Amino acid sequence: MRDYSHYRPAVAAAFERSDAAARAGDPGEAAREFIRGLVLASPEEQRRILAAAQPGTTNH
């Protein structure tokens, strides 16, 4: 499991749910939770998340 402790708790929880849904084979729920985390993130967190999500990267 990835470590999301560097994000605020609500953001980290959304990303953890996204990972769990992806592992369970539910890409739609995984996407919804990822987007929820992105929406809840602060502008600085959003910049880090989007920078890490560029093509060729796998971490957020």
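The preceding data block contains the structure.
The sections below set out a description of the structure shown in this document. Computed from a prediction, not measured in an experiment: that's the story for all the values here.

**A short note on the side chain of E45**
Counting through the fold element by element, E45 comes out in helix α3 (residues 43-52). There is a polar contact of 2.8 Å between the side chain of E45 and the backbone nitrogen of S42. When neighbours within four sequence positions are excluded, E45 is seen to be in contact with H6, Y7, R8 and V11.

**Examining the packing of aromatic side chains**
Two aromatic rings, taken as a pair, are described by how far apart their centres are and by the angle between their planes. Enumeration over the complete set of coordinates arrives at four aromatic pairs. Measuring from ring centre to ring centre gives 5.5 Å for Y4 and F15, while their planes differ by 50 degrees; the resulting arrangement is tilted. One end of the pair, Y4, is in the segment before α1 (9-23); the other, F15, is in helix α1, and eleven residues separate them in sequence. The residues Y4 and F15 share a single accessibility class, namely buried. Clustering of aromatic rings is evident, with ring pairs tying together Y4, Y7, F15 and F34.

**Observations regarding the packing of α1 against helix α2 (residues 27-40)**
Here α1 crosses α2 at 165 degrees, and the two axes come no closer than 7 Å. If you check the angle between α1 and α2, you find them roughly antiparallel. You can see that α1 and α2 cross each other, and the crossing is left-handed. Only E29, A30, E33, F34, R36, G37, L38 and L40 of α2 make contact with α1, whose side of the interface consists of A10, V11, A14, F15, R17, S18, A21 and A22. Its residues assigned to classes, the contact of α1 with α2 comprises ten nonpolar, two polar and four charged.

**Structural notes on the pattern of salt bridges**
Within the structure shown, the criterion is met by six salt bridges. Note that D19 and R2 form a salt bridge whose closest N and O atoms lie 3.8 Å from each other. With a gap of 17 residues between them, D19 in helix α1 and R2 in the segment before α1 connect regions that are remote in the sequence. Where E45 meets R8, a salt bridge forms, and the shortest distance between an N and an O atom there is 3.1 Å. One end of the pair, E45, is in helix α3; the other, R8, is in the segment before α1, and 37 residues separate them in sequence. The buried category is assigned to E45, whose relative accessible area is 5%. The structure contains a network of salt bridges with shared partners spanning R17, E33 and R36.

Here is what the cut-offs are and how they apply
- Residues numbered from 1 in each chain as written.
- Predicted model: local features only at pLDDT ≥ 70, side-chain atom pairs only at ≥ 80, totals over all residues.
- Heavy atoms only, no water.
- Helix = DSSP H or I, 4+ residues; strand = E, 2+ residues; numbered from the N terminus.
- Polar contact = N/O pair within 3.5 Å; in protein donor to acceptor, adjacent residues only side chain to side chain.
- Contact = heavy atoms within 4.5 Å.
- Phe/Tyr/Trp six-rings, centres within 6.5 Å; stacked < 30°, edge-to-face > 60°.
- Buried < 20%, exposed > 50% of the residue type's maximum accessible area, 1.4 Å probe, protein only.
- Axes fitted to C-alpha atoms, helices over the stretch in contact; angles between N-to-C directions.
- Parallel < 35°, antiparallel > 145°, perpendicular 65-115°, else oblique.
- Left-handed = near helix turned anticlockwise from the far one by under 90°.
- Nonpolar A, V, L, I, M, F, W, Y, C, P; charged D, E, K, R; others polar.
- Salt bridge = Lys/Arg side-chain N within 4 Å of Asp/Glu carboxyl O.

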